[in-house]
Amino acid sequence: MPVDHLISIIVPVYNEGDTIAAVIDRLLTIDLPAAREIIVVNDGSRDATRRVLDGLAGSSPILTVLHADENRGKGHAVRLGLARSRGTVTAIQDADLELDPAQLASLVAPILGGEADVVYGSRFLSGGSGVPRLTRVANRTLTLVTNVLYGSSLTDMETCYKVMRGDVARSLTLTADRFDIEPEITVKLLSAGYRIVERPVTFSPRSKAAGKKIRWRDGVHAVAMLLKHWRRG
């Protein structure tokens, strides 16, 4: 990898008008071991998100704001962000503050040091005590299915924190539009034989009432994505 690194941080956002400004502020001010660019993709939000983002657009030369015309899902927003990214490292940051952006520094370090191609921030390496029981069971089930099908040993396949070499991320030819982007990224990385390491992260979950968007149907779609690529292999 080149000596001069750039970290591209992609922030997919849908109806997060209450938190997106705080997330961007954190991303602009946290300590990182390399230069950064922040690409925020508004996935057709219907709340105050667009207004907040328009107010922030132009506030920093390293901040890019993209607006999708309609809501198509996290996967589509991530793919739009990847298409605009230029970094030697890419990272995905959710817009809801469940994961503190300050943790990105420890996640990009193994890539910058040449120790890994990909780093996953695992909510379960430190016990996962902050993760609600239902969420914990669902995530561990999906991770187990991934490990059985693909011979991996991951602890948190569904983590938002998937940090990759930029060339790897842009080579994945992703197609998922919704939350099935998580298993699609994972199976393509595993199938290609990239070096994935995990690092512990802390997690402050929120409830459905507070805006949590993932639903049980997304788990079904995740399994379908895992099986689709496994059969192709």
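Structural data are supplied above this passage.
Overview of the structure. Not measured: the values here are computed from a predicted model. (Residues numbered from 1 in each chain as written. Predicted model: local features only at pLDDT ≥ 70, side-chain atom pairs only at ≥ 80, totals over all residues. Heavy atoms only, no water.)

## Remarks on the pattern of salt bridges
For step 1, the next point in the chain: Summed over all chains, the structure comprises 12 salt bridges.
For step 2, the next point in the chain: Asp54 serves as the salt-bridge partner of Arg50, at 3.8 Å between the closest nitrogen and oxygen. Taken together, the residues span about one helical turn, with Arg50 and Asp54 both in helix 2 (residues 49-56) at a distance of four residues.
For step 3, the next point in the chain: The exposure class assigned to Asp54 is partly exposed, which follows from its relative accessible area of 42%.
For step 4, the next point in the chain: Sharing partners across several salt bridges, the network here consists of Lys74, Asp94, Lys162 and Glu182. (Salt bridge = Lys/Arg side-chain N within 4 Å of Asp/Glu carboxyl O. Helix = DSSP H or I, 4+ residues; strand = E, 2+ residues; numbered from the N terminus. Buried < 20%, exposed > 50% of the residue type's maximum accessible area, 1.4 Å probe, protein only.)

## Overview of the sheet that holds strand 3 (residues 63-67)
For step 1, the next point in the chain: The strand order across the open sheet built from seven strands is 3-2-1-4-6-5-7, with neighbouring strands paired in mixed fashion. Edge positions in the sheet fall to strand 3 and strand 7 (196-200), since each has one partner strand and no second. The sheet shows a mean angle of 20 degrees between the axes of neighbouring strands, taken without regard to direction.
For step 2, the next point in the chain: Of the pairings in the sheet, the one linking strand 4 (residues 89-92) to strand 6 (residues 162-165) comprises two bridges and is antiparallel in character. Counterpart to Val89 in the pairing with strand 6 is Arg165.
For step 3, the next point in the chain: Helix-sheet contacts for helix 1 (residues 20-29) involve strand 1 (6-13), strand 2 (35-42) and strand 3, and the interaxial angle to strand 2 is about 165 degrees.
For step 4, the next point in the chain: Its contacts with the sheet place helix 7 (residues 181-192) against strand 4, strand 5 (118-122), strand 6 and strand 7, and it is angled at close to 40 degrees to strand 6. (Pairing = 2+ DSSP bridges. Axes fitted to C-alpha atoms, helices over the stretch in contact; angles between N-to-C directions. Contact = heavy atoms within 4.5 Å.)

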